[in-house]
Amino acid sequence: MENEKVIEVYGLSKKFREVHAVNNLNLNVHKGDVFGFLGPNGAGKSTTIRMLLSLINPDKGEIKIFGKPLHKNRIEILSKIGAIVESPDFYGYLSAYKNLEIIGRISGGEIPRKRIMEVLELVGLEKRYKSKVKTYSHGMKQRLGIAQTLLNDPALIILDEPTTGLDPQGMKEIRDLIIHLSKEEKKTIFLSSHILYEVELVANRMIIINKGTTVIEGEVKDLLNAADLKVVFEVNDPQKAKSLIQKNSWVSKLDSIIDNKLIFNLSTDEIPFLNRYLVENSIDIRAIVPRRSLEEYFLNITESAG
Amino acid sequence: MKMTALINIEIYKIFKKWRTYISFIAIGVLIPIIHIAMMIEGEHSLDYMTRNLKQSFIFVGNLLNGYLISYLILNSLVVHIPFLITLVAGDLLAGEATAGTYRILITRPVSRFKITSSKFLAGIFYTCLLVLFLAIMSLGLGILIFGQGELIVIKSSGIIIFARGDIFWRFLTAYAFASLSMSVVAGLAFLFSSLVENAIGPIVATMAIIIIFIIISAIDVSFFQAIKPYLFTTYMNSWRLLFDNPLNINEILSSVLILLGHVAAFFFAAAYIFNKKDILS
């Protein structure tokens, strides 16, 4: 990926009454990135996105997009951005086509009919372009949301939970579209999600935030693969397994025992060796569940936030 | 982005909404009902209005004419038409918040001031169009049904009878003045619309203020009479000054300036609030 920074955020903070929605947040998105912006519900993702799009004024901090301060270059910057913020809402009393035509005109000029139909086709709405948006399902509105982000051929696309409300097929189509936009059309994509798996599939860099603050930031492959695995061995006789483990060096890898589950910190290569050792000592293994520590951590903060 | 294109979009959006037509339907139904009532009861009512005068004067010609009916309808303007104006003006900004479409608008490369201005001007366009429709329905239809004639205006200071050829321009100016009065109402509803995220609030708040101001103005207590000059509703009925003879130009101009000042103040306050507003909807 290229090193040119598309989004730079320094010390960004926003408080609503006494609640810090975003607290001293820093992040960088480079040109060509598919940047995963992860966090549980209420972590401050949407507030951050709203500040990136000047829907909300930050209390503190600086936002630079395309190398320019947002507050001084708002119009120029927004002309190069396509965005969905939370649920995609449109003028329900107008057709999908008319909505896109109006959005295009507000964005700076007449959009040719061919281009409007092109983006509608890209998201599979070309057959319903005349229907009023109020007759659309949530999934269809979500697709129309994606269509409107692409209308002006933006350099940066900001997608706030774009797969919410979609069926598995719809989710896959959106993921494929994101990959297409990144790889074929060289767009920079800022993808907010609360699903690690979703980000893992499409993003090359990511940040996890919680309570408005950065938890971790970096390359997806580094963050997910370099970390040790937490491997859960579900056994028939945990007491016997425990005393067996305590007699040799595996004990240093043992993290905890919960009911009939022995949890180890292991590398991928160590799993078959420990498995063989337990089986050879007459311990029946019911299941082996590997979990990356980041995934474990993300699951914990997601569950506690939920 | 050109302002004219933005205004056109806003006007298009206004006229694509069902609620916009409620006002036109209401006027389209109400005014013919008044005309029918005047056809049936008009002569009797006119006799009652002029019963004392008839002891001293002889009236000749067509007194129950389109002009008189328009004059009577204009008198109801300050109470009834504002509600129809607020239906649309109160929805201009708050309606976008309710629908969640603020996000579409504000994430586009256009300044918030332009968004506010285009919406406001579209609201003023709707207001003027509604008053024009009222003029066509009351004056146009009135003349068509009842014909033209002299206009008799009864005031506390006396009776004025306007000659047939001296009336039409007064009505045209009066309707222009009415458009300005109603623009103040639209401005106030627009200001409330910038504060909230639901169109009901601006409608109720605007109507509450107008009704309170009218009641205060009507109570004959020196305290209320002292504050009357500071209430914009006092000047909304100044179109009646156009039916004075001779015209008090200074008073008319001063009313126009006061109303224009209110329109500007409400607009700039709304623009300031909207510019600072965090969009959370």
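Cut-offs applied
- Residues numbered from 1 in each chain as written.
- Chains lettered and ligands numbered in written order.
- Predicted model: local features only at pLDDT ≥ 70, side-chain atom pairs only at ≥ 80, totals over all residues.
- Helix = DSSP H or I, 4+ residues; strand = E, 2+ residues; numbered from the N terminus.
- Rg over C-alpha atoms; globule rule 2.2 N^0.38 Å.
- Contact = placed C-beta atoms within 7 Å.
- Buried ≥ 20, exposed ≤ 12 C-beta atoms within 10 Å, placed from the backbone.
- Pairing = 2+ DSSP bridges.
- Axes fitted to C-alpha atoms, helices over the stretch in contact; angles between N-to-C directions.
- Core = buried A, V, L, I, M, F, W, Y, C linked by C-beta atoms within 7 Å.
- Nonpolar A, V, L, I, M, F, W, Y, C, P; charged D, E, K, R; others polar.
- Expected span 1.5 Å × (residues − 1).
- Arc of directions from axis to C-beta.
- Parallel < 35°, antiparallel > 145°, perpendicular 65-115°, else oblique.
- Left-handed = near helix turned anticlockwise from the far one by under 90°.

Draft legend 1. Broad picture of the overall build of chain B. Scanning chain B from terminus to terminus reveals 12 helices and 2 strands. Of the regular secondary structure in chain B, the N- to C-terminal order runs α-α-α-α-α-α-α-β-β-α-α-α-α-α. Here the C-alpha atoms of chain B give a radius of gyration of 21 Å, agreeing with the 19 Å that 2.2 N^0.38 yields for 281 residues. Its C-alpha atoms give chain B principal-axis dimensions of roughly 70 × 45 × 30 Å. For chain B, contacts bridging at least 24 residues in sequence account for 80% of all contacts bridging at least 6.

Draft legend 2. Quick look at the overall build of chain A. Scanning chain A from N- to C-terminus turns up 11 helices and 14 strands. Viewed in the frame of its principal axes, chain A has a C-alpha envelope of about 75 × 45 × 40 Å. A total of 306 residues make up chain A; the buried ones form 40% of that total. Counting only contacts in chain A whose residues sit at least 6 apart along the sequence, the fraction spanning at least 24 positions is 71%.

Draft legend 3. Local environment of the sheet that holds strand 2 (residues 19-30) of chain A. Residues and elements named next belong to chain A. Judged by pairing direction, the sheet is antiparallel, and its 4 strands sit side by side in the order 2-1-4-5 without closing on themselves. Because the sheet does not close on itself, it has two edges, and the strands there are strand 2 and strand 5 (68-69). Relative to strand 2, strand 1 (residues 5-16) is paired through 8 bridges, and the arrangement is antiparallel. Bridge pairing in strand 2 links Lys-15 to His-20. Packing of helix 1 (residues 45-52) onto the sheet brings it into contact with strand 1, strand 2 and strand 4 (60-65), and relative to strand 1 it is tilted by some 120 degrees.

Draft legend 4. Representation of the nonpolar core in the model. Residues Ile-158 and Leu-191 of chain A together with Ile-85 and Phe-190 of chain B are the most contacted members of the largest nonpolar core, which totals 143 residues. Ranked by residue count, the leading element in this core is helix 8 (residues 168-195) of chain B, at 15 residues. Those residues in contact with Leu-191 of chain A that sit more than four places away from it in its chain are Val-34, Phe-35, Gly-36, Phe-37, Leu-159, Ile-178, Val-199, Val-202 and Ala-203 of chain A. One finds Leu-229, Phe-233, Ala-241 and Ile-245 of chain A within the second-largest nonpolar core, a separate group that totals 11 residues.

Draft legend 5. Fine view of the interface of chain A and chain B. On the chain B side, the residues contacting the 23 residues of chain A number 20 residues. Per-element tally for the side of chain A that touches chain B: the top contributor is helix 3 (residues 96-106) of chain A, with 4 residues. When the residues that make up the side of chain A that touches chain B are grouped by side-chain class, the tally is 14 nonpolar, 6 polar and 3 charged.

Draft legend 6. The arrangement of helix 9 (residues 200-218) of chain B in detail. Residues and elements named next belong to chain B. Compared with the 27 Å implied by 1.5 Å per residue over 19 residues, the 27 Å span of helix 9 between its first and last C-alpha is a close match. Regarding helix 9, the residues found buried are Pro-202, Ile-203, Thr-206 and Ile-210. Angular distribution of buried residues about the axis of helix 9 spans 105 degrees; they occupy a single face of the element. Of the exposed residues in helix 9, those oriented more than 90 degrees away from the buried face are Ile-200, Ala-208, Ile-212 and Ile-215.

Draft legend 7. Geometry of the pairing of strand 3 (residues 34-38) of chain A. Residues and elements named next belong to chain A. Among the 5 residues that make up strand 3, 5 are buried, leaving the element largely enclosed by the rest of the structure. Relative to strand 8 (residues 188-193), strand 3 is paired through 5 bridges, and the arrangement is parallel. Bridge assignment links Val-34 to a residue of strand 8, and that residue is Ile-189. In this sheet, strand 9 (residues 205-210) lies alongside strand 3 in parallel orientation, the contact comprising 4 bridges. Following the sheet pairing, Phe-35 is matched in strand 9 by Arg-205.

Draft legend 8. How the structure looks around helix 12 (residues 249-276) of chain B. Residue and element names in this part refer to chain B. With 28 residues, helix 12 extends 40 Å from end C-alpha to end C-alpha; this agrees with the ideal 40 Å at 1.5 Å per step. When we look at burial in helix 12, the residues that qualify are Ser-255, Leu-259, His-262, Val-263, Phe-266, Phe-267, Ala-270, Ala-271 and Phe-274. Contact partners of the buried residues in helix 12: helix 7 (112-146), helix 8 and helix 11 (232-236).

Draft legend 9. Geometry of the packing of helix 7 of chain B against helix 12 of chain B. Residue and element names in this part refer to chain B. Close contact between helix 7 and helix 12 brings their axes to 9 Å; oriented N to C, the two are set at 140 degrees. Between helix 7 and helix 12, the angle is such that the two are oblique. In this structure, helix 7 crosses over helix 12, and the sense of that crossing is right-handed. Touching Arg-112, Phe-113, Thr-116 and Phe-120 of helix 7 are Phe-267, Ala-270, Ala-271, Phe-274 and Asn-275, all from helix 12.

Draft legend 10. Seen up close, the sheet that holds strand 12 (residues 254-258) of chain A. All names here are of chain A. Pairing in this open sheet of 4 strands is antiparallel, and the strands run 12-13-11-14 from one edge to the other. The outermost strands of the open sheet, each flanked by one partner alone, are strand 12 and strand 14 (285-292). Taking each pair of neighbouring strands and ignoring which way they run, the sheet shows an average axis angle of 20 degrees. Its contacts with the sheet place helix 9 (residues 238-246) against strand 11 (229-235), strand 12 and strand 13 (261-266), and it is angled at close to 160 degrees to strand 12.

Draft legend 11. Inspection of the environment of Val-85 of chain A at higher detail. Mapped onto the fold, Val-85 of chain A is located in the loop between strand 6 (81-84) and helix 3. Placed 15 residues apart in sequence, Val-85 of chain A and Leu-100 of chain A show a C-alpha to C-alpha distance of 16 Å.

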